[in-house]
Amino acid sequence: MRESYSYFQTPFRNAQVDRDSQVFGDLESRVSAAAPTLFSLGGDPLPSQKFSRKYLTRHKKSGQLWRRAVRITPGGVESNVRYFKPHPFLADYGDGGYIYDVDGNKILDLMMGFGALLLGHNNRDIALEVIKQLESGSMLGVTSELYIDYIQAVRKAVPSMKKVRLCNSGTEATMHALRTARAYTGRDKIAKAEGAYHGAHDYVLQSLDMDSRTASRMNGYRAIPYGRGIPKAVSDLVVIFPYNDIEATAAILEENEDEVGALIIEPVLCGPGVIAPKANYLKRLRQLTRKKGIVLIFDEVLTGFRLAYGGAQEYYDIRPDMTTFGKIAGGGFQLAGFGGEAQIMNVLEPGRGWKYATFHAGTYNGHPISVAAGLKGLEILGEHPEYYDHINGLGRQLYSGLQDLADDRRIPAWVEYVGSIGNVYFTTKDEIRNFRDTLSANTRRWWNWFIHCLGNNVLFGIPNTGERAFICTEHTEEDVEWALEVADNAFAAIGKEARRHKEKAPTVQLQAVGEQAAVYGDAPTPPSV
């Protein structure tokens with residue numbers, strides 16, 4: 001049966017808020033009173049008091065500092081995805097595969113800087129290159145030989161990028177790549193997969209997330225802006241297609257014949273977690289876009305230099321027209337870029353005048369410190385192909401181990417992974433093929449599992465249900481075994497909670513589940529957690 005958090009009706013929800021107020025103090029009371037809900041500001045449920053108790057005990061100083069921060073910055077964090085309840089923990093420093101927080105906890109880090117730290121925290125070789133560059137200037141404002149060396153290193157790793165430009169973030173990379181592709185094709189519309197994340201600009205903040213009710217009511221696929229502040233005029237220029245369904249993708253592109261100039265895709269769909277391409281979807285998509293004259297952009301901000309030295313396009317043996325990259329590319333510093341076939345990238349050549357130019361600029365583009373760090377990181381990866389065997393082997397050990405543990409505990413779950421990237425979906429589905437499949441996942445159960453693990457000093461990836469965990473070169477088999485032991489204890493706690501709730505499911509929950517069963521045709525079994 002589909003398990004979701006939709007069964008929480010008003011009386012139960014308000015009762016939960018009252019309990020939260022007792023635990024989290026005046027600040028949390030004010031937040032809860034303003035928006036009486038089980039969900040965090042990011043749209044995810046609040047972990048139950050039982051599962052978060054140990055986390056709260058171990059992170060008292062983080063809680064105090066966060067309460068200071070929330071008075072002066074929205075949510076007390078630099079980015080919405082870093083916020084979670086009961087409160088985020090604050091870092092002190094990182095070393096290797098671990099992060100140390102202000103409370104003195106040593107936490108096994110399976111988030112690794114949102115995937116950027118493939119070589120671990122505080123890599124000494126990269127640090128020395130940064131120090132060396134600092135002595136020559138932290139900001140030059142003109143092109144240096146270091147920039148040229150870096151571009152050559154990128155082209156060596158990813159031969160499909162004949163020409164490359166640099167920027168500072170994955171958001172900038174996809175924004176500039178899409179503009180370049182539209183200029184080259186002369187077509188205004190872009191196409192993106194439902195659920196895919198390509199950064200935080202208006203064109204790609206479309207159909208990034210929704211609830212199962214919205215999806216079930218929708219006839220086909222359309223662009224739905226993620227949050228407020230995004231003009232409808234922008235949404236009208238975005239075509240949405242389902243990942244891993246080549247027939248539906250082809251039909252949608254056919255409907256927009258001669259209007260779509262670029263199709264951008266995460267080769268591994270990571271917006272809603274981790275979803276691997278199936279049934280030669282990427283190769284067939286390559287054939288389809290070539291036939292229709294659409295620029296195919298691989299967004300390799302996450303997969304670039306991770307699945308293989310040459311990214312997902314090397315891993316799956318596919319050559320896109322353009323590529324965006326970031327994260328690992330900067331060696332832990334702010335660096336991203338985009339590139340592709342020479343004739344496409346040449347639309348950026350300066351000297352054409354305002355009317356015919358395609359604009360790309362940025363004060364910190366090719367920043368010497370970031371470029372020095374990124375170049376050293378790429379050199380290390382190029383010299384050590386065995387690193388990929390190491391992290392992918394640990395990925396198999398961790399993610400297949402998580403699946404086995406969930407199965408042994410009789411916890412309905414699907415663990416999806418590619419190489420060193422993976423995610424746990426608490427779902428009864430036998431397979432996750434696209435974004436809508438992830439809507440069946442029990443979000444509350446995931447949060448209880450996540451916070452239980454973090455309370456025992458294992459950070460299983462980004463603190464958001466639709467995100468993922470990452471392995472780095474500094475992690476060991478012993479680290480993975482410890483992570484599995486902690487995860488198993490969390491699965492056991494989840495199972496115990498599920499049995500307890502199944503016996504005592506409130507009437508309001510039973511009624512909601514019955515309604516859900518009527519919609520989906522499933523047996524009306526009470527929800528567990």
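Residues numbered from 1 in each chain as written. Predicted model: local features only at pLDDT ≥ 70, side-chain atom pairs only at ≥ 80, totals over all residues. Heavy atoms only, no water.

**Q** Any chance you could break down the layout of surface pockets for me, citing the residues and the numbers?
**A** Put simply, the second largest pocket is a space of about 580 Å³. Residue lining of the second largest pocket: 22 residues in total, with Arg82, Phe89, Ala91, Ile99 and Met111 positioned closest to the centre. Of all the elements in the fold, those that place two or more residues in the lining of the second largest pocket are helix H3 (60–69) and strand S1 (91–95). Broken down by class, the residue content of the lining of the second largest pocket amounts to 14 nonpolar, four polar and four charged. (1 Å grid on protein atoms, 1.4 Å probe; cavity = no way out; pocket = protein on both sides within 12 Å on 5 of 7 lines; lining within 4 Å. Points joined across faces, edges and corners; volume = space filled by probe spheres on them. Helix = DSSP H or I, 4+ residues; strand = E, 2+ residues; numbered from the N terminus. Nonpolar A, V, L, I, M, F, W, Y, C, P; charged D, E, K, R; others polar.)

**Q** Give me empty space enclosed by the protein: which residues, what numbers.
**A** Summed over the entire model, instances satisfying the criterion amount to four cavities of 30 Å³ or more. There is about 80 Å³ of room inside the largest cavity. By residue number, the principal contributor to the lining of the largest cavity is strand S12 (residues 421–425), which donates three residues. Of the residues that constitute the lining of the largest cavity, the class distribution is nine nonpolar, three polar and two charged.

**Q** Help me get a handle on the sheet that holds strand S14 (residues 469–470), residues and values and all.
**A** Ordered in space as S11-S12-S14, the three strands form an open sheet in which the pairing is antiparallel. Each edge of the open sheet carries a strand with a single partner, namely strand S11 (414–418) and S14. Strand direction decides the pairing type here: S11 and S12, joined by five bridges, are antiparallel. Directly across from Glu416, in S12, lies its bridge partner Asn423. (Pairing = 2+ DSSP bridges.)

**Q** Please set out the sheet that holds strand S10 (residues 336–340) residue by residue, giving values where relevant.
**A** An order of S4-S10-S9-S8-S7-S5-S6 is seen for the seven strands of this open sheet, with the pairing classed as mixed. The sheet terminates laterally at strand S4 (163–167) and strand S6 (238–241), the two strands that pair on one side only. Pairwise comparison of adjacent strand axes, ignoring direction, gives a mean angle of 20 degrees for this sheet. By the bridge criterion, four bridges tie strand S9 (residues 322–325) to S10 in an arrangement that is antiparallel. Directly across from Thr324, in S10, lies its bridge partner Phe338. Here helix H10 (residues 281–292) sits on the sheet and contacts S6, strand S7 (260–265) and strand S8 (295–300); the angle it forms with S7, its principal contact strand, is near 165 degrees. (Axes fitted to C-alpha atoms, helices over the stretch in contact; angles between N-to-C directions. Contact = heavy atoms within 4.5 Å.)

**Q** So, the nonpolar core: which residues are in play, and what are the values?
**A** Ranked by internal contacts, the top residues of the largest apolar core, which has 114 residues, are Tyr150, Ile265, Phe305, Leu398, Leu402, Trp449 and Phe460. The element contributing the most residues to this core is helix H17 (residues 477–503), with nine residues. With sequence-adjacent residues up to four places away left out, Leu402 is seen in contact with Val415, Val424, Trp449, Phe460, Leu484, Ala487 and Phe491. In terms of nonpolar packing, the next biggest core, distinct from the first, is built from 18 residues, Val204, Ile297, Met322 and Ile344 among them. (Core = buried A, V, L, I, M, F, W, Y, C linked by side-chain atoms within 4.5 Å. Buried < 20%, exposed > 50% of the residue type's maximum accessible area, 1.4 Å probe, protein only.)

**Q** Talk me through helix H16 (residues 443–455); I want residue IDs and the actual numbers.
**A** Compared with an ideal rise of 1.5 Å per residue, which puts 13 residues at 18 Å, H16 spans 18 Å between its outermost C-alpha atoms and is within 8% of the ideal. Where burial is concerned, most of H16 is hidden: 13 out of the 13 residues are buried. For H16, the side-chain oxygen to backbone nitrogen distance between the N-cap and Arg444 is 3.3 Å, and the N-cap itself is Asn442. Backbone geometry just downstream of H16 places Asn457 in the positive-phi region, at approximately 70 degrees. (Expected span 1.5 Å × (residues − 1). Polar contact = N/O pair within 3.5 Å; in protein donor to acceptor, adjacent residues only side chain to side chain.)

**Q** Tell me about the pairing of strand S5 (residues 189–193), and please be specific about residues and values.
**A** The two faces of a sheet get side chains in turn, since along a regular strand they alternate between them. Within S5, five of the five residues are buried, which leaves the element mostly enclosed by the surrounding structure. Where S5 and S6 come together, four bridges link them in parallel fashion. What sits directly across from Ala193, in S6, is Phe241.

**Q** With reference to specific residues and values, describe the pattern of salt bridges.
**A** All chains considered together, the criterion is met by 16 salt bridges. Here Lys189 and Glu259 are joined by a salt bridge, their closest N and O atoms 3.6 Å apart. With Lys189 in strand S5 and Glu259 in the loop between helix H9 (246–255) and S7, the pair connects residues that are 70 residues apart, well separated along the chain. Note on Lys189: relative accessible area 16%, which makes it buried. Between Arg284 and Glu247 there is a salt bridge, with the nearest N and O atoms lying 3.1 Å from each other. Taken together, the residues span a long stretch of sequence, with Arg284 in helix H10 and Glu247 in helix H9 at a distance of 37 residues. For Glu247, a relative accessible area of 51% gives the class exposed. Sharing partners across several salt bridges, the network here consists of Lys50, Glu497 and Arg500. (Salt bridge = Lys/Arg side-chain N within 4 Å of Asp/Glu carboxyl O.)

**Q** Could you give me a rundown of the confidence of the model for the protein, with the residues and numbers involved?
**A** Per-residue confidence for the protein averages 87 on the pLDDT scale, and 86% of its residues sit at or above 70. Counted against residues more than four places away or in other chains, residues 1–43, with its pLDDT under 50, gives 74 contacts. Scored below 50 in pLDDT, residues 503–529 makes 48 contacts in the model with residues more than four places away or belonging to other chains. (pLDDT = per-residue confidence, 0-100.)

**Q** Break down the environment of Asn346 for me, citing the residues and quoting the values.
**A** With respect to the element layout, Asn346 can be found in the loop between helix H12 (342–345) and helix H13 (368–383). Along the sequence, Asn346 and Thr180 sit 166 residues apart, while their C-alpha atoms lie 9.0 Å from each other. In this structure, Asn346 is in contact with Lys163 and Arg352, ignoring residues within four places of it in sequence.

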